[in-house]
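Chain by chain, the residues run as shown.
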Amino acid sequence: MSTAATGYYVPHDARWPIVGSIGLFIFFFGFASWLNDGAFGKEMFFIGMAITIFMMFGWFGLVAKESEAGTYSPQVDASFRLCMMWFIFSEVMFFAAFFGALFYARTFSGPWLGGLGGGGAEMTNAVLHTGHDYVWPSNGPGDVGGKFVPMGWFGLPLINTLLLLSSGVTCTLAHHAIRAGHRKPFILWLLATVTLGFIFMGLQIEEYIHAYSALNLKLTSGIYGSTFFLLTGFHGFHVTMGAVILLVVAIRAMRNHFSAENHFAFEAAAWYWHFVDVVWLGLFIFVYLF
Amino acid sequence: MSSNDVTHHAADDHNHDHGDDHGHHGPAPGLMRWVTTTNHKDIGTLYLWFSLVMFFIGGAMALVIRAELFQPGIQIVDPMFFNSMTTMHAIVMIFGVVMPAFVGLANWMIPMMIGAPDMALPRLNNWSFWIMPFAFTIMLSTLFMDSGGPAGGWTLYPPLVLQMGDSFAFVIFAIHFLGISSVMGSINIVATIFNMRAPGMTFMKMPMFVWTWLITAYLLIATIPVFAGAVTMLLTDRYFGTSFFSAAGGGDPVMFQHIFWFFGHPEVYILILPAFGIVSSIIPTFARKELFGYDSMVYATASIAFLSFIVWAHHMFTTGMPLAGELFFMFSTMLISVPTGVKVFNWVATMWRGAMTFETPMLFAIGFVIMFTVGGLSGLMLAITPADIQYHDTYFVVAHFHYVLVPGAIYSLMAATYYWLPKWTGNMYDEKLGKMHFWISTIFVNVLFFPMHFVGLAGMPRRIPDYSLQFADWNMIATIGAFGFGFSQLMFVYIIVKCVRGGEKATAEVWEGARGLEWTVASPAPYHTFETAPTIEPSTVTR
Amino acid sequence: MTSNVSRWALLSLMLLLVPFGASAEWGALNMPQGVTEISNEVYTLHMRIFYICCAIGAAVFGVMIYSMFAHRKSKGVKPATFHESTTVEIVWTVVPLVILIAMAIPAARVLIKMEDFSDSEMSIKVTAYQWRWQYEYMDSGVSFYSQLEPSHNEARQMGSDVDLEATFSPSRKRGDSEGGVYLKEVDNELVIPVGKKIRFLHTAADVIHSWWVPDLAVKKDAIPGFINENWALIEEPGVYHGKCAELCGRGHGFMPIVVRAVPQEEFDIWVAEKQLAMASVSEQADRQWAHQELVSVGEKVYQANCMSCHQAEGQGIPGMFPAIGGSDVATGSIDKHIDTVMNGIDGSMMSQFSEVLSDADLAAVITFQRNAFGNNTGDTLQPSHIKSLRNGVDIRAPESVALLPDTNTTTGVN
Ligand code: HEA
Ligand code: HEA
Ligand code: CUA
Ligand SMILES: [Cu+2]
């Protein structure tokens, strides 16, 4: 087996991938059955999820152990970096699809239904949607989901923006700390970041409850509700993931896993966190502000 | 020749390593070897076998389509099942055959071509493969569910696709699942190419196959997640009451088409760029002459990839886009012909004044160049918006894309198989059978797809199980071609199996004019190659 | 030897070209030239780009094939060593660009002309349904549905033993007993006057369809909830066939279009007749119908509208379309049955027929279903009952279908 000393580390006997495949298989199969109220759908969903999470802990645990053992050369490290970078890029493109939907609805389909723009827009409005005026936020000519109040930017969203921005700062401070080899402040800043992340999530839940109960703003509130909840929802999911990853990193930090030179797990988590941050800024601007 | 230095170098390394600690190097015994393997060659092999099996599944579906279309009238399948055959055929061929086969080749060849010991992330590599069988189990299982397989076309347009029964959710999740595999596979390839090149292997010394895959990997990383997003919106529209694709709620069914084709058009180049790379390896070998215009090949590939992101709406010329949009997408689409032309001309120039021989890989490569160009030129005709309004959704389109996909992408895969099979197995395949395979396939593939141009122009829409009598003759001919082409692929399997089991021993170089690092290692390629990086001098021939 | 293999194969590849060349009807293999100015321009454009592509192909393949014969090792040539030339590469980048520009200019010109919707003299709204077309003449109020001619519909069912060749050969005119061109005839043709610029407004009630008449060079998607414009100006009277060109489900292959272009005077007469017929349809609803009359009319309505899904013997298709024979709905409460047929079932392919069928047809088909396929309920449903329901029941105008929240979201958790 090649080791850091003689070359690039190529592991053998990978057992976690097949566990992951089986886990995700059960998860997806279960989820699909569940959506159709099929037998054992829900059970499979949770079992699959559990196996997948188990796999992640096992796999990352193994990598952490190998890393601790000094198996990885700087070249392996670079592979991990590239991997994380482009993984984040793929996530960016996933969000791009939903931002694309938002822009499309706002600049094309919405006005078109309201009779603005060339081609058949005028007739679309005159014949099919008589009397419908397009104004964003819109739940369409069918007033799908009934009257609702759009989510303002002031209040919770603004607080959340500030929270997330400051968590970006604490995250960077943590990075500086570890690079300087200061373990204590590193852990503290990390925990601060995680805390901010969880507060963000709490407030986000609060916001959803408010939307559903007070604003009649639901997932089913036409295109506004659809884009609002899917964008913020997927973002929220990513925040949760990011916070959990950071928490794991913090725990590893407490176990003294990182050094001033070797702390890629943290950096990957930090990149991810910044990505989540930037997506939020996009959301704040295009979903809440304008 | 300087490449010979590398030969000895690598071979020595190899023997040396084996002597040292044999136990770690051989593959683990039994079935678990394949399940737990992290070896790029094993994983490449898995991918290639997988896609070969899928080829017959997807092909069998195509044969159902062709059998129903043999005569007018509905003889053997219900129209609904016909539609799900069309849909599943496309999904299987694209996601289960061409893409995994290219990834398999990337696995086998890229590390050897750039002098790397393995892929950058071997465990992840294993996972990328081992998702495929599971994902396709979900996908194919929908055919056996009460509500049947997906029947709205591989383009999954709403609202039609939302009418699907319960199996809808399974299809969507299978797509997500496959997407995870593709993205991880691509990331791995990017990391490998950036990080694992042997010292001295500069970007401009990489074989074209490596270049085309690098660019393809970017196309994948950028578009697969968009596709995942699009189908997620379908899922929520279907099950959670969102209104992305419903006018009533302020959405738009056409919005799906935009998002889909933003993925879908780059996707078709994902299906062809690695093929360009393969052909760019094979033609110089058998022309015994260096690839003409290497630099411009690289730039052309990059331009095609860039342009592929801004042409998507040429699939949507009849959806009622504004005039300005139609003009823009027409012009940008036409522009793709320029870099593609550069590639074609470079291949021709490589052949020009070479000393050519025509072994099976060369035959398939030349078949590729000619028939891909036929398909490309009909693509150019489709790009002309006013004409496309007539062509759209007819068999003319079907003819176009099968020309670029079957005698295009599939031919490149066959060429690659014949070209590298001796390297993989250590045995020469049966040349005579190979040539026969080529000629029979080439005759039938044209009998199969050429008439589709005619019926398309004459007005036969695609995705129909039955048609007017005026189209009967050509459809009958096409069906005969389909069965001929389909069954002649059994020859391909026979040749491969025969070669795996034995045959004349191959030398390390295999082909007289072969160039590149993969030919410097023994045939069959040892389980581990380049564990110590070869030294690449500026004078070393690597492409 | 292997070279024999190649030679033999090349020969047969060439032989293949013979049937292509010998084919008598080249016209049937190419795009129709059509009957409008636009269609002619599109045809010319098509031929022009086709010839350019042929020329490019001939040049590229010519060089390749020459090279394959001249530059082979067996002839003892030594490979040259050149592998780049900036000049050549610039040439073959620029020349194609020039060719493309030469193609793009006429293409843009035709396209701009096609997209000029101004000055239309008459508007027809075309609403696509699974699987029929509704034509509404916005100026005269004439409105009707158009779908595959029933005899064709019967012939195309799986297991039908109709001899297609004998019954529907292309030479048979419509009106010869059954006849017409297989899968190309409809029950009600779209009639339009010649010499007038007619604007079509395309929309759909359920899924996306596409209205395509090759002779007019028009193809436009019908998108639920949106209207797309389109136009045609026909000079020559005649009958022009078309098809739905966007996959729209099980019956996609069976959604033909027939446009009959007639002189203005003839058109006016046709409109008057149609208006009369529409008036009499509403009268029909007021009279008492005999049970047997309802059943026999109902059978026809069933064959035309329901059979494609529920099948000829009312047996349905398991897992897809429920059987009518023995169905709880068709044998149970008649109100439920009426509601099902008139308003459809949300989120399924069972669409609402209240606007598609007249009162009499609705009553007839329901009566038929309740007394056929072994459903011996003995019920009789009078058209007048449907008429009275129309005022009370929430009946959606077809236009507003797309407005409603639940049309596109279908079943599941809402
Ligand atoms: C491998 C896959 C592949 C490739 C490479 C291409 C290549 C091209 N395709 Fe194709 N296409 C598909 C796969 C592919 N396509 C598929 C699957 C569909 C249907 C999807 C569906 O609806 O299901 C489709 C549909 C499709 C359409 C939509 C048709 C419709 O539905 O109405 C259009 C329209 O513009 C188009 C255009 C092109 C063009 C311009 C190219 C160009 O890249 C071609 C460039 C090549 C050449 C032009 C030939 C070589 C060049 C020369 C010899 C130089 C000289 C040339 C000039 C001077 C011009 N394609
Ligand atoms: C890479 C992609 C790819 C490939 C390789 C092919 C290969 C083939 N395709 Fe496919 N096709 C598509 C991609 C592809 N296709 C796409 C994207 C569509 C559009 C779908 C849509 O509209 O949504 C399509 C649609 C399509 C249609 C139009 C359907 C319609 O519009 O209704 C037809 C019709 O003839 C067809 C035929 C064929 C045939 C005969 C082959 C042949 O090359 C197949 C060769 C056959 C075999 C290899 C079979 C061998 C099998 C046996 C010998 C039997 C033994 C069986 C077992 C051992 C299991 N294809
Ligand atoms: Cu209507 Cu296809
Ligand atoms: Cu495209």
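**Structural notes on the site of ligand 1**
By nearness alone, 33 residues border ligand 1, and Tyr269(B), Asp388(B), His392(B), His400(B) and Arg462(B) come closest of all. Residue neighbours of ligand 1 fall on chains B and C, so the site bridges chains. Tyr269(B) is positioned with one of its side-chain polar atoms (N or O) 2.5 Å from an oxygen atom of ligand 1. A distance of 3.0 Å separates a nitrogen atom of ligand 1 from a polar side-chain atom of His400(B). Here the element with the most residues in the shell around ligand 1 is helix α14 (residues 360-383) of chain B; it accounts for 8 residues. Within the shell around ligand 1, the residues separate by chemical class into 20 nonpolar, 11 polar and 2 charged.

**Describing the domain arrangement of chain C**
All names here are of chain C. Domain annotation of chain C identifies domain 1 (25-114), domain 2 (122-163 + 178-280) and domain 3 (285-403). If you average the C-alpha positions of domain 2 and of domain 3, the two centres end up 24 Å apart. With 16 residues of domain 2 at the interface, the matching set in domain 3 holds 17 residues. Here domain 2 meets domain 3 over a buried area of about 1,500 Å², counting both sides, of which 52% is carbon and sulfur. Area buried by domain 2 at its contact with domain 3 is led by Arg132, Tyr145 and Arg250, which between them contribute 33% of it. Counting the contacts that link domain 2 with domain 3 gives 0 salt bridges. Viewed at the interface, domain 3 and domain 2 are joined by 3 residue pairs in polar contact (both at pLDDT 80 or more). Mapped by element, the contributors of at least two residues to the side of domain 2 that touches domain 3 are β1 (122-129), β2 (132-137) and α4 (150-155). When residues in the side of domain 2 that touches domain 3 are grouped by element, the largest group, 3 residues, is from β2.

**Some details on the pairing of strand β4 (residues 190-193) of chain C**
All names here are of chain C. In β4, alternate side chains face the same way, and those of Leu190 and Ile192 on one face and Val191 and Pro193 on the other are all buried. Summarising the sheet, β4 and strand β10 (residues 256-262) pair through 4 bridges and their orientation is parallel. By the bridge assignment for β10, Leu190 is matched with Val259.

**Description of the site of ligand 2**
Residues and elements named next belong to chain B. Around ligand 2, a shell composed of 34 residues is seen, among which Arg66, His89, Trp154, His402 and Arg463 lie nearest. Contact distances for ligand 2 include 2.9 Å between an oxygen atom and a backbone N or O atom of Trp154. Interatomic distance of 2.6 Å between a backbone N/O atom of Arg463 and an oxygen atom of ligand 2. Breaking the shell around ligand 2 down by element, the ones donating at least two residues are α4 (40-68), α5 (79-114), α16 (395-425), α17 (431-457) and α18 (472-501). No other element matches the 8 residues that α4 contributes to the shell around ligand 2.

**Remarks on the coordination of the iron atom of ligand 1**
Tetrahedral coordination by four donors puts the ideal angle at the metal at 109.5 degrees, and octahedral coordination by six puts it at 90 or 180 degrees. Residues and elements named next belong to chain B. Its sole protein donor being His400 (NE2), the iron atom of ligand 1 sits 2.2 Å from that atom. Between the two metals, the iron atom of ligand 1 and the copper ion (ligand 4), the spacing is 4.6 Å. Tracing the backbone through its elements, the reader meets His400 in helix α16.

**Side note on the sheet that holds strand β8 (residues 228-233) of chain C**
All names here are of chain C. As summarised here, the arrangement of the 5 strands in space is β3-β2-β1-β5-β8, forming an open sheet in which the pairing is mixed. Looking along the sheet, the strands with just one partner apiece sit at the ends: β3 (143-146) and β8. On average, each strand axis in the sheet is tilted by 25° relative to the strand beside it, whichever way the strands run. As judged from the 6 bridges shared by β1 and β2, these two strands associate in the antiparallel manner. Residue pairing across strands places Ala128 opposite Trp133, the latter belonging to β2.

**What about the packing of α4(B) against α18(B)?**
All names here are of chain B. In the contact formed by α4 and α18, the axes pass within 10 Å of each other and the chain directions differ by 160°. Here α4 is positioned roughly antiparallel relative to α18, judged by the angle of their axes. Considering only the axes of α4 and α18, their crossing is left-handed. For the pair α4 and α18, contact is made by Trp49, Leu52, Phe55, Phe56, Leu63, Arg66 and Ala67 and by Asn475, Ala478, Thr479, Ala482, Phe483, Phe487, Gln489, Leu490, Phe492, Val493, Ile496 and Val497, respectively. Among the residues forming the contact of α4 with α18, the class breakdown is 15 nonpolar, 3 polar and 1 charged.

Quick notes on the rules
- Residues numbered from 1 in each chain as written.
- Chains lettered and ligands numbered in written order.
- Predicted model: local features only at pLDDT ≥ 70, side-chain atom pairs only at ≥ 80, totals over all residues.
- Heavy atoms only, no water.
- Near = heavy atom within 4 Å.
- Polar contact = N/O pair within 3.5 Å; in protein donor to acceptor, adjacent residues only side chain to side chain.
- Helix = DSSP H or I, 4+ residues; strand = E, 2+ residues; numbered from the N terminus.
- Nonpolar A, V, L, I, M, F, W, Y, C, P; charged D, E, K, R; others polar.
- Domains from an automatic or database assignment.
- Contact = heavy atoms within 4.5 Å.
- Buried area = accessible area lost by both parts, 1.4 Å probe.
- Salt bridge = Lys/Arg side-chain N within 4 Å of Asp/Glu carboxyl O.
- Buried < 20%, exposed > 50% of the residue type's maximum accessible area, 1.4 Å probe, protein only.
- Pairing = 2+ DSSP bridges.
- Donors = N, O, S within 2.8 Å, 3.2 Å for Na, K, Ca; no water.
- Axes fitted to C-alpha atoms, helices over the stretch in contact; angles between N-to-C directions.
- Parallel < 35°, antiparallel > 145°, perpendicular 65-115°, else oblique.
- Left-handed = near helix turned anticlockwise from the far one by under 90°.

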